[in-house]
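# Reading the structure
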Amino acid sequence: MSIRLKNAPIPYLDLPAQIRLLRPELDAAIGRVLDNCSFCLGPEVTRFEKDFARYSKAEHCIGFNNGTSALHIALRLLNVGPGDEVITTPFTFVATSWAIAYVGARPVFVDIEDQTFNIDPALIEQAITPRTRAILPVHLYGHPVHLDPLLEISRKFNLPLVEDAAQAHGATYRGRSVGTFGRMSCYSFYPGKNLGACGEGGALLTNDSALAERARSLRDHGSSTRYYHDEIGYNYRMEGIQGAVLGVKLGYLDSWTQGRRRVARKYEQLLSETPLKLPREADYAQSARHLYVVRHPKRNQLKALLEEREIGCGLHYPVPLHLQKAFQYLGYSSGDFPVAERAARECLSLPIYPELTDDAIQAVTGVIKEFFGVAEPAANLHS
Ligand SMILES: Cc1ncc(COP(=O)(O)O)c(C=O)c1O
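The notes below deal with the structure included here. The model shown is predicted, which means the values in this text are computed figures rather than measured ones.

Rules and cut-offs
Residues numbered from 1 in each chain as written. Predicted model: local features only at pLDDT ≥ 70, side-chain atom pairs only at ≥ 80, totals over all residues. Heavy atoms only, no water. Axes fitted to C-alpha atoms, helices over the stretch in contact; angles between N-to-C directions. Helix = DSSP H or I, 4+ residues; strand = E, 2+ residues; numbered from the N terminus. Parallel < 35°, antiparallel > 145°, perpendicular 65-115°, else oblique. Left-handed = near helix turned anticlockwise from the far one by under 90°. Contact = heavy atoms within 4.5 Å. Pairing = 2+ DSSP bridges. Right-handed = clockwise from strand over helix to strand, strands pointing away. Near = heavy atom within 4 Å. Polar contact = N/O pair within 3.5 Å; in protein donor to acceptor, adjacent residues only side chain to side chain. Areas by Shrake-Rupley, 256 points an atom, 1.4 Å probe, with all protein chains shown as cover. Nonpolar A, V, L, I, M, F, W, Y, C, P; charged D, E, K, R; others polar. Core = buried A, V, L, I, M, F, W, Y, C linked by side-chain atoms within 4.5 Å. Buried < 20%, exposed > 50% of the residue type's maximum accessible area, 1.4 Å probe, protein only.

### Digging into the packing of helix α9 (residues 299–308) against helix α11 (residues 358–372)
In a packed pair of helices, the relevant descriptors are the angle between the two axes and the axis-to-axis distance. The contact between α9 and α11 brings their axes to 10 Å, and the two run at 130°. With respect to α11, the axis of α9 lies oblique. Considering how the two elements wind past one another, α9 and α11 form a crossing that is right-handed. Of the residues in α11, those in contact with Gln301, Leu302, Leu305 and Leu306 of α9 are Val364, Val367, Ile368, Phe371 and Phe372.

See the structure below:
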């Protein structure tokens, strides 16, 4: 592990460090695509689809140009449309709800659990109406949603579950990979994700062969035979170069997840005496630790101090979806989802990535302790 130079900035995410390490392998993989000129889908995408399906223990993986497209197609595959409702969380990246809006349906928000930031299964039944067509939970920050009660509701009301696993590559629920519990699941390979492309990428997983076949057609202009179009489709194909890059990176995913979990453990240890509310794992979960989000009412002041010391941090997410201008037409107002609204006010994302050194973690936690006036044991002082 390298030694951090005194007072060197600590970025929120250090993608250059990852790319430097993988550069020869990435060059070779991208070179193969340049050689065969399979830029749209092609053998590298097919190979990655097979590898990611095997990794997740799913029957089928269909590569997409991004995660938003995969979510859109998942709802198209369920024939969700105008007049329908889809139950989801108000505390997520906006794309979860874009997919519902794209098919003309209405997002119906349900508040979240205070500890996990995920949709609260205990509140779902009361949101179900005769128009409900699906439930779309998110494994936010890489922490699995509580799937047992969700699956029970899904069975009881015959409502398919679509997992938004965009942030949860490598996460497990009771030892089994997330993304394999619902009718379908959707992943994002946006560059900053735990498994990220060198550009945009996404995938849809399912064990249903008929859905998989239709998903392949819908992502490629609604066509399974060239120039014959069975239904209105989209140009949502994964690029060959992204398939090649993701194939290389998938081989590192488990060790990267372990690295992220090491960082989380270290934060937990070093921040235990501060008044911050820390993101603890539920007993059913092995989080992918995509983001490490702490909570405190004074998070704006803490964020300002961290930034002053050149420590990168983020807000995920400052405005819950029911209060976004784009979703004003749904008619929600402030106070409708108090747990999500408080999370939005208090959340602060600290740097977390496998390359983050113990020394850098100590520097981050040192500033936080200084903020709260928590004495640092002399031996832990960072130099
Ligand atoms: C929870 C969630 N859902 C969906 C998406 C959409 O993925 P993409 O950015 O690849 O379209 C993202 C990624 O940003 C996400 O974090």
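### Thoughts on the pairing of strand β3 (residues 106–109)
Relative to β3, strand β2 (residues 85–88) is paired through four bridges, and the arrangement is parallel. Looking at β3, one finds that Thr88 is bridged to Phe109. Between β2 and its parallel partner β3, the chain crosses via helix α4 (residues 95–102), and the hand of that crossover is right-handed.

### Some details on the sheet that holds strand β4 (residues 132–136)
The strands making up a sheet are joined through hydrogen bonds of the backbone, oriented either antiparallel or parallel. Pairing is parallel in the open sheet, where three strands are placed in the order β3-β2-β4. Edge positions in the open sheet fall to β3 and β4, since each of these has one partner strand only. This sheet shows a mean twist of 30° between the axes of neighbouring strands, independent of strand direction. Note: β2 against β4, four bridges, orientation parallel. By the bridge assignment for β4, Thr88 is matched with Leu136.

### Quick word on the site of the ligand
With respect to spatial proximity, 15 residues lie near the ligand, and among them Gly67, Thr68, Asp164, Ser188 and Lys193 are the closest. For the ligand, a nitrogen atom lies 2.8 Å from a polar atom in the side chain of Asp164. A distance of 2.9 Å is found between an oxygen atom of the ligand and a side-chain nitrogen or oxygen belonging to Lys193. If the ligand stood free it would expose 380 Å²; the protein chains cover 93% of that surface. Looking at the shell around the ligand, the elements that each hand over two or more residues are α3 (67–77) and α4. Per element, the largest residue contribution to the shell around the ligand is three residues, and it comes from α3. The residue inventory of the shell around the ligand, partitioned by class, reads five nonpolar, eight polar and two charged.

### Some thoughts on the environment of Arg76
Tracing the chain through its elements places Arg76 in helix α3. Distance from Arg76 to Leu218, taken between C-alpha atoms, is 8.8 Å for residues 142 residues apart in sequence.

### Remarks on the nonpolar core
Core analysis: the largest hydrophobic core is formed by 62 residues, its most contacted members being Phe52, Ile87, Phe91, Ile124 and Phe189. Secondary-structure elements contributing two or more residues to this core are α2 (43–56), β3, α5 (147–156), β9 (202–206), α7 (240–250) and α10 (338–346).

### Some words on the pairing of strand β11 (residues 292–295)
What you see with β11 is no split at all: Tyr292 and Val294 on one side and Val293 and Arg295 on the other are buried throughout. Pairing between β11 and strand β12 (residues 347–350): four bridges, direction antiparallel. Looking across to β12, one finds that Arg295 is bridged to Cys347.

### Concerning unusual backbone geometry
Each neighbour pair has its own omega, and for His316 with Tyr317 the value is 15°, a cis peptide bond. Its identity is not glycine, yet Tyr141 carries a phi of approximately 60°, on the positive side. Structurally, the position occupied by Tyr141 is in the loop between β4 and α5. On the basis of relative accessible area, Tyr141 is assigned to the buried category, the value being 5%.

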